[in-house]
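# Secondary and tertiary structure notes
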Amino acid sequence: MDLFDYADELDYGELHFKVNPETGLHAIVAIHDLTLGPAIGGCRFIEYDTTDDAIRDAMRLGRGMTYKAAITNLPHGGAKSVLARPKNLDAHQRVEIIDEFGEFVDSLDGDYITAEDSGTSVEDMNRIGEKTDYVLGRGPDKGGSGDPSPHTATGVRRGLEAAVKFDLGRDDLDGLTVAIQGVGAVGYHLAKQLHERGVNLVVTDVDQSSVDRCVEEFGAESVEPDEIYGVDCDIFAPCALGAILNDGTIPELKCDIVAGSANNQLAESRHDAQLMERGITYAPDYLVNAAGLIYVASFYSGEGSEAAAERIDGIYDTMLEILQRADAENKPTGHVTNQIAEERIQAARD
Ligand code: NAD
């Protein structure tokens, strides 16, 4: 990979590196854009095959955060950090790396605000919070916002309701059938909210106890994980894995709408066009699942829970705007979402 070519391609931005051979710290902070405000984005602490893979991951995800913040009208730019996890990492070394990362974040003077992501936890955010104020998602006992997943579920429901309004012309969900893939933290709360609104649920999960909970509490029907794509339903809600909208699964779908919390649902960007060709309304994931981010960012800025709830509710209007514009311009919804985010950033630059 030519680093600068890739940076040009993604319209970067800043790249910050910090290494320490003694502790094994290999840290990257990729700040994509600061136009709308300090850049916000999680910290991944996972193993990578190569340094190129780690840098690419940080850069790709950092750019995604710029779009996510812009489409939800948050006063933030986008960034992502990566801690390349050393092989055979022990607990002591882990703590050293997290502490050094906290100092690294602090040295960027607030241009980057970190948060939890794959391989990091609330406890890590608490620790980082001892080194810097530029951290989201600390535990409530450390003055943080706590678990965002119930809020994420509310945002998914609002995005889904907008798609129902657009596609089915309905203001309520009563009697509709929603198939949920993955009833973990977000999927469970979504199931609860939908059940309260009269929705018939079909659920699947690789964890049987999560399925049982929804069957018992909400009278959900359950199917095997590989059967969820073919469920005859109004809405398919992917709340587990990325890349599940692909050449193999799209022909199987028997739904009018796809709206769920999972990140990066489209295996490739062209798959939103494939959904459009099949007449399926795709509610773009990075708007649908943005409420967790909205909640922790609003908490961080001291805006308060009322303002956060208002912003989360705004997912409905933005989703409707996207669906209407995509329809008018005959373009896939993912494409139009990116366009609107880019227009907002450009307007701020101008
Ligand atoms: P989670 O781990 O609590 O839940 C995911 C569930 O999916 C688990 O119960 C898991 O057993 C299940 N699962 C895994 N593989 C599966 C498969 N092949 N088929 C069916 N089920 C499977 O995670 P979560 O916090 O609920 O997040 C769910 C998705 O939403 C993830 O993609 C996450 O990145 C995204 N997301 C979450 C939040 C949040 O606030 N938690 C915010 C934005 C995006």
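Going by the structure above, here's the rest.
## Points about the layout of surface pockets
Roughly 260 Å³ of volume is contained in the second largest pocket. His26, Thr50, Thr51, Ala54 and Ala84 are, among the 16 residues lining the second largest pocket, the residues nearest its centre. Secondary-structure elements contributing two or more residues to the lining of the second largest pocket are strand E1 (14-20), strand E2 (25-33) and helix H2 (51-71). At three residues, the largest contribution of residues to the lining of the second largest pocket is made by E2. Looking at the lining of the second largest pocket, its residues break down into eight nonpolar, four polar and four charged.

## Considerations on the site of the ligand
Looking at the ligand, there are 18 residues lining it, with Thr152, Ala185, Val186, Asp205 and Asn263 nearest. Within the side chain of Ser261, an N or O atom sits 2.9 Å from an oxygen atom of the ligand. In isolation the ligand exposes 830 Å². Once the protein is present, 70% of that is buried. At the level of elements, helix H5 (149-168) and helix H6 (185-196) are the ones that each hand at least two residues to the shell around the ligand.

## Considering the nonpolar core
Ile180, Leu194 and Leu201 are the most contacted members of the largest nonpolar core, which totals 62 residues. For this core, the leading source of residues is helix H11 (residues 305-329), giving nine residues. Each of domain 1 (3-66 + 75-142) and domain 2 (149-290 + 317-342) accounts for three or more of the residues forming this core. Here Leu201 is in contact with Val178, Ile180, Ala191, Leu194, His195, Phe218, Ala220 and Glu221, once residues within four sequence places are set aside. Residues Leu25, Ala27, Leu83 and Ile97 belong to the second largest nonpolar core, which totals 20 residues.

## Comments concerning the environment of Asn263
Relative to the helices and strands, Asn263 is located in the loop between strand E11 (257-258) and helix H8 (271-277). Given a relative accessible area of 48%, Asn263 falls into the partly exposed group. For the pair Asn263 and Phe45, spaced 218 residues apart in sequence, the C-alpha separation works out to 17 Å. Not counting residues within four places of it along the chain, the set of residues in contact with Asn263 comprises Lys68, Leu241, Gly242, Asp285 and Asn289. At 2.9 Å, the side chain of Asn263 forms a polar contact with the side chain of Asn289.

## Looking at the pattern of salt bridges
Considering all chains together, one arrives at 24 salt bridges under this definition. A salt bridge links Arg158 to Asp313, with the nearest nitrogen and oxygen atoms 2.8 Å apart. You can see Arg158 sitting in helix H5 and its partner Asp313 sitting in helix H11, a full 155 residues away along the chain. Its relative accessible area of 16% is what places Arg158 among the buried residues. Judged by its relative accessible area of 39%, Asp313 falls in the partly exposed class. The partner of Arg270 in a salt bridge is Glu268, and the shortest N-O contact between them spans 3.0 Å. For Arg270, a relative accessible area of 38% gives the class partly exposed.

## Let's talk about the sheet that holds E11
Taken together, six strands build an open sheet; the order of strands is E9-E8-E7-E10-E11-E12 and the sheet is parallel. In this open sheet, the two edge strands, each paired with only one partner strand, are strand E9 (221-222) and strand E12 (281-282). Here strand E7 (residues 177-181) runs beside strand E8 (residues 200-204); their pairing, made up of five bridges, is parallel. Each bridged residue has a counterpart across the sheet, and for Thr177 the counterpart in E8 is Asn200.

Conventions we followed
Residues numbered from 1 in each chain as written. Predicted model: local features only at pLDDT ≥ 70, side-chain atom pairs only at ≥ 80, totals over all residues. Heavy atoms only, no water. 1 Å grid on protein atoms, 1.4 Å probe; cavity = no way out; pocket = protein on both sides within 12 Å on 5 of 7 lines; lining within 4 Å. Points joined across faces, edges and corners; volume = space filled by probe spheres on them. Helix = DSSP H or I, 4+ residues; strand = E, 2+ residues; numbered from the N terminus. Nonpolar A, V, L, I, M, F, W, Y, C, P; charged D, E, K, R; others polar. Near = heavy atom within 4 Å. Polar contact = N/O pair within 3.5 Å; in protein donor to acceptor, adjacent residues only side chain to side chain. Areas by Shrake-Rupley, 256 points an atom, 1.4 Å probe, with all protein chains shown as cover. Core = buried A, V, L, I, M, F, W, Y, C linked by side-chain atoms within 4.5 Å. Buried < 20%, exposed > 50% of the residue type's maximum accessible area, 1.4 Å probe, protein only. Domains from an automatic or database assignment. Contact = heavy atoms within 4.5 Å. Salt bridge = Lys/Arg side-chain N within 4 Å of Asp/Glu carboxyl O. Pairing = 2+ DSSP bridges.

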